[in-house]
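One letter stands for each residue in the lines below.
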Amino acid sequence: MNNLEHNITKVRARIQYAASQNQRNYENIHLLAVSKTQSAESVRHAWLLGLSHFGENYVQEALEKQKALKDLAIIWHFIGHIQSNKTAAIASHFDWVHTLDSEKVATRLSNQRPRSLRPIQCCLQININNENTKSGIGIERCEAMASAIKDLPGINLRGLMVIPDPAQPDNQLQYSFEKTRDTLTHLQSRFPDLQLDTLSMGMSRDMELAIAAGSTIVRVGTDIFGPRVHASRPHPETTDNRGLL
Ligand SMILES: *Cc1c(COP(=O)(O)O)cnc(C)c1O
């Protein structure tokens, strides 16, 4: 028995409630279904239930699913750690990248983006607590990074993404989300010509806090698809975001 429909209804209700609690328009909060480790059949089922944005963390796994689902106009988001040797595949097979954290990767994605496609939509990943994970840049580097990559033709900088440690207490999570929002506000004032309209923040456990702080994309896996199927051996790309699997 699959509860997918029930789960999606519940997640949508939570988003709607959090939006109303914070005087926000529900339409401005997009639901990204995180489908890592889930089967292509589950993704197809979720699509039939009305979801159209899906997030994947591992390139190889995503490409296999995309092949099985190429009859659907899914909008694919890459939300995993970006290895330089995977940028060509990401540039050709994704509409969005949430985890940009270096000028080098931005340049590669831009150069490798097929000219037949519109620029790839990007968020800079913020390392808000200066955690010892290597992913993300400190907020003090955001402005310089935005300045360095804003004119690359193959990418379109849309905003910021953050993954605070979900084990933190609520007030810490709230602080991280608000700090990320304030950083975006600063970038908007510095770069008024850019389309900086996106805050990718909030997951199953903390989406309400993220919405309260202004999130425009919540990335939800577990509360849509149920617990993830664990790989039997360490995944070669699981060098980062490991705590999230
Ligand atoms: C796995 C993952 C999610 C989804 O997390 P859940 O707690 O299952 O909702 C969101 N964002 C990123 C970057 C992830 O890796």
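About the thresholds
- Each chain has its residues counted from 1, running along the sequence as written.
- Two thresholds apply to this predicted model, a pLDDT of at least 70 for residue-level local features and 80 or more for giving and counting side-chain atom pairs, whereas whole-chain, interface and lining totals are computed over all residues.
- To get the side-chain values, all heavy atoms of the structure are used, and hydrogens and water are removed first.
- Working definition: rings of Phe, Tyr and Trp (its six-membered ring) pair if their centres are within 6.5 Å, and the pair is stacked with planes under 30 degrees apart, edge-to-face with planes over 60 apart, and tilted otherwise.
- For helices the rule is a DSSP run of H or I covering at least 4 residues; for strands it is a run of E covering at least 2, with both sets numbered from the N terminus onward.
- Burial status follows relative accessibility: with a 1.4 Å probe on protein chains alone, a residue under 20% of its type maximum counts as buried, one over 50% as exposed, and anything between as partly exposed.
- Buried Ala, Val, Leu, Ile, Met, Phe, Trp, Tyr and Cys residues form a nonpolar core when they are joined through side-chain atoms within 4.5 Å.
- Any pair of residues with heavy atoms lying within 4.5 Å of one another is described as a contacting pair.
- By convention in these notes, a residue is near a molecule or strand provided one of its non-hydrogen atoms lies within 4 Å of it.
- Polar contacts, as used here, are pairs of N or O atoms within 3.5 Å; protein pairs need one atom able to donate a hydrogen and one able to accept it. Residues neighboring in sequence count only if both atoms are side-chain atoms.
- To be clear on the numbers: accessible area is Shrake-Rupley with a 1.4 Å probe, and residue cover counts the displayed protein chains and nothing else.
- Only Asp, Glu, Lys and Arg are considered charged, only Ala, Val, Leu, Ile, Met, Phe, Trp, Tyr, Cys and Pro nonpolar, and every remaining residue, Gly among them, polar.
- By this definition, two strands are paired if DSSP reports at least two bridges between them.
- Look down the strands so they point away from you; if the path from the first strand over the helix to the second goes clockwise, the crossover is right-handed.

### A closer look at the packing of aromatic side chains
- Tallying each qualifying case throughout the model produces 2 aromatic pairs.
- Between the aromatic rings of Phe54 and Trp76, the centroid separation amounts to 6.2 Å while the plane-to-plane angle is 45 degrees, which identifies the pairing as tilted. Placement of the pair is Phe54 in strand 2 (residues 53-56) and Trp76 in strand 3 (residues 75-78), with a sequence separation of 22 residues.
- When its relative accessible area of 0% is taken as the criterion, Phe54 is described as buried.
- Judged by relative accessible area, Trp76 falls into the buried class, the value being 7%.
- Look at Phe78 and Phe94: their rings are 5.3 Å apart centre to centre, the planes differ by 75 degrees, and that puts the pair in the edge-to-face class. Placement of the pair is Phe78 in strand 3 and Phe94 in the loop between helix 4 (87-93) and strand 4 (96-100), with a sequence separation of 16 residues. Pair check on accessibility: Phe78 and Phe94 agree, each one buried.

### Description of the nonpolar core
- Ranked by size, the top nonpolar core spans 61 residues in total, and within it Phe54, Ile90, Leu100, Ile149, Ile155 and Ile224 carry the most contacts.
- Element by element, the count of residues in this core is highest for helix 1 (residues 4-21), at 6 residues.
- Residue contacts for Phe54: discarding those within four places in its chain leaves Leu32, Ala33, Ser35, Val43, Ala46, Trp47, Ile74, Ile75, Trp76, His77 and Phe225.
- One finds Leu32, Val34, Ile79 and Cys123 within the second-largest nonpolar core, a separate group that totals 9 residues.

### Observations concerning the site of the ligand
- Around the ligand sit 14 residues in total, of which Lys36, Asn57, Ser204, Thr222 and Arg228 are the nearest.
- Within the contact set of the ligand, an oxygen atom lies 2.5 Å away from a side-chain nitrogen or oxygen of Ser204.
- Within the side chain of Arg228, a nitrogen or oxygen atom sits 2.8 Å from an oxygen atom of the ligand.
- Protein chains shield 95% of the accessible area of the ligand, which is 390 Å² for the free molecule.
- Residue composition of the shell around the ligand, by class: 7 nonpolar, 4 polar and 3 charged.

### A short note on the environment of Ala146
- Inspection of the secondary structure puts Ala146 in helix 6 (residues 142-149).
- Of the residues examined, Ala146 reaches a relative accessible area of 1% and is grouped as buried.
- Through-space distance from the C-alpha of Ala146 to that of Leu209 is 26 Å; in sequence the pair is 63 residues apart.
- Those residues within four positions of Ala146 in sequence are excluded, and the remaining contacts are Leu124, Leu157, Leu187 and Phe191.

### Regarding the pairing of strand 8 (residues 217-220)
- Both faces of strand 8 are covered, namely the face carrying Ile217 and Arg219 and the face carrying Val218 and Val220.
- Pairing analysis gives 4 bridges linking strand 1 (residues 30-34) to strand 8, with the strands arranged parallel. Residue pairing in the sheet places Leu31 in a bridge with Val218 of strand 8.

### Observations regarding the environment of Leu187
- Of note, Leu187 is situated in helix 7 (residues 170-190).
- For Leu187, a relative accessible area of 1% gives the class buried.
- For the pair Leu187 and Asp101, spaced 86 residues apart in sequence, the C-alpha to C-alpha distance is 16 Å.
- Once residues lying within four places of it in the same chain are set aside, the contact partners of Leu187 are Cys142, Glu143, Ala146, Leu160 and Leu196.

### Regarding the pairing of strand 6 (residues 155-162)
- In terms of residue burial, strand 6 counts as a mostly covered element, since 8 of its 8 residues are buried.
- Bridge count for strand 5 (residues 120-126) against strand 6 is 7 bridges, and the pairing is parallel. If you follow Cys123 over to strand 6, its bridge partner there is Gly159.
- One ladder, built from 3 bridges, connects strand 6 with strand 7 (residues 198-200); its direction is parallel. Counterpart to Met161 in the pairing with strand 7 is Ser200.
- Each parallel crossover has a hand, and the one from strand 6 via helix 7 to strand 7 is right-handed.

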